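Letter by letter, the chains look like this.
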Amino acid sequence: MPSTTLRLQFVQVLATMALFLVMLWINDWLFRHLEFAPGINWIYLPAGVRLLCTLLFAEAGAIGLLLVSWLVSFLFLFPHDPERAFAGGILAALAPWLVWRGASRAWGLQASLVNLTPLRLLVLALVYSVASPLLHHLWFAWRGQDDLLSGFFAMFVGDLAGTLIVLYGIKGLLAVLHRPSR
């Protein structure tokens, strides 16, 4: 039984990584012109994947996000700034995990997500869209970076827009696929 659980978690990690990379590619293809700064977009679809995979896969989703965030940060976004790539990967995985942990404690969130109401999902999207830029910008401030308010605002808007697009896009897709036959 433990090897089955371990295998499932490994698949969840890989699924998270693959979904994130696909969404990152789609985001770059559709919204490249909406980049505020490297790693900050006015619409950021991968933010929705971060929250979704953490809600669905818990720690396995967070580990997948950490690994894929490091991959993207070290190889593409910040190849000449290993400190930013390393910290950015941790913060990108930590924010949705903390939101998931908080929701699990506050609402008794179950693995099936059966008690995740539409209102709670919207609250999670909002909280995550504040938590991620907040963690990142606290780290930027610690590094002595300037003009934090505009970067925070752009990241908040991008994370919220991307999260809502992904969550409601999947909700719509599931509704179409699960349409009862007549």
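An account of the accompanying structure is given in this report.

Here is what the cut-offs are and how they apply
Residues numbered from 1 in each chain as written. Predicted model: local features only at pLDDT ≥ 70, side-chain atom pairs only at ≥ 80, totals over all residues. Heavy atoms only, no water. Helix = DSSP H or I, 4+ residues; strand = E, 2+ residues; numbered from the N terminus. Buried < 20%, exposed > 50% of the residue type's maximum accessible area, 1.4 Å probe, protein only. Contact = heavy atoms within 4.5 Å. Areas by Shrake-Rupley, 256 points an atom, 1.4 Å probe, with all protein chains shown as cover. Salt bridge = Lys/Arg side-chain N within 4 Å of Asp/Glu carboxyl O. Core = buried A, V, L, I, M, F, W, Y, C linked by side-chain atoms within 4.5 Å. Polar contact = N/O pair within 3.5 Å; in protein donor to acceptor, adjacent residues only side chain to side chain. Phe/Tyr/Trp six-rings, centres within 6.5 Å; stacked < 30°, edge-to-face > 60°.

**Side note on the overall build of the chain**
Phase 1: Regarding its fold elements, the chain presents 6 helices and 2 strands.
Phase 2: Along the chain direction, N to C, the helices and strands of the chain fall in the order α-β-β-α-α-α-α-α.
Phase 3: Classification of the 182 residues of the chain by burial places 40% in the buried group.
Phase 4: Of the contacts formed within the chain by residues at least 6 apart in sequence, a portion of 69% connects residues at least 24 apart.
Phase 5: For the chain, the accessible surface area stands at approximately 10,400 Å², while carbon and sulfur atoms represent 72% of it.

**Quick look at the pattern of salt bridges**
Phase 1: By the definition in use, this model includes 2 salt bridges.
Phase 2: For Arg32, the salt bridge is made with Asp28, and the minimal N-O distance between the two is 2.9 Å.
Phase 3: When its relative accessible area of 55% is taken as the criterion, Arg32 is described as exposed.
Phase 4: Take Asp28: its relative accessible area is 35%, and that puts it in the partly exposed class.
Phase 5: Where Asp81 meets Arg143, a salt bridge forms, and the shortest distance between an N and an O atom there is 3.4 Å. One end of the pair, Asp81, is in the loop between α3 (59-77) and α4 (82-107); the other, Arg143, is in the loop between α5 (118-142) and α6 (148-177), and 62 residues separate them in sequence.
Phase 6: With relative accessibility at 35%, the residue Arg143 sits in the partly exposed group.

**Concerning the nonpolar core**
One broad rule of soluble globular proteins: the nonpolar side chains tend to lie buried together.
Phase 1: Counting residues in each nonpolar core, the largest one holds 34 residues, and the members touching the most others are Phe20, Leu51, Leu55, Leu109 and Leu124.
Phase 2: Of all elements in the fold, only α1 (2-31), α2 (45-57), α3, α4, α5 and α6 reach the threshold of two or more residues within this core.
Phase 3: With residues up to four places along the chain from it excluded, the contact list for Leu109 reads Leu55, Trp100, Ala103, Ser104, Asn115 and Leu116.

**Comments concerning unusual backbone geometry**
Phase 1: The phi angle at Ala58 is positive, at roughly 55°, despite the residue not being glycine.
Phase 2: With respect to the helices and strands, Ala58 occurs in the loop between α2 and α3.
Phase 3: On the basis of relative accessibility, which here comes to 15%, the residue Ala58 falls in the buried class.
Phase 4: Phi is positive for Asp147, which is not a glycine, with a value near 55°.
Phase 5: Secondary-structure assignment places Asp147 in the loop between α5 and α6.

**What about the environment of Ile43?**
Phase 1: Mapped onto the fold, Ile43 is located in the loop between β2 (40-41) and α2.
Phase 2: Considering only alpha carbons, one finds Ile43 and Gly158, 115 residues apart in sequence, at a separation of 4.0 Å.
Phase 3: Among residues more than four places away in sequence, those in contact with Ile43 are Asn27, Phe31, Leu34, Gly158, Ala161, Gly162 and Ile165.

**Let's talk about the side chain of Ser129**
Phase 1: Relative to the assigned elements, Ser129 resides in helix α5.
Phase 2: Residue Ser129 is classed as buried on the basis of its relative accessible area, which comes to 0%.
Phase 3: Reaching out from Ser129, the side chain makes a polar contact with the backbone oxygen of Ala125 at a distance of 2.7 Å.
Phase 4: Leave out the neighbours within four places in its chain, and Ser129 touches Phe156, Asp159, Leu160 and Thr163.

**Thoughts on the packing of aromatic side chains**
Phase 1: One pass over the full model with this rule turns up 5 aromatic pairs.
Phase 2: Geometrically, the ring pair formed by Trp25 and Trp29 is stacked, given 5.9 Å between the ring centres and 5° between the ring planes. Taken together, the positions of Trp25 and Trp29, both in helix α1 and 4 residues apart, correspond to about one turn of that helix. For the pair Trp25 and Trp29, one class covers both residues: exposed.
Phase 3: In textbook terms, an aromatic cluster arises when at least three aromatic residues are bridged by ring pairs, as seen for Phe36, Trp42 and Phe153.

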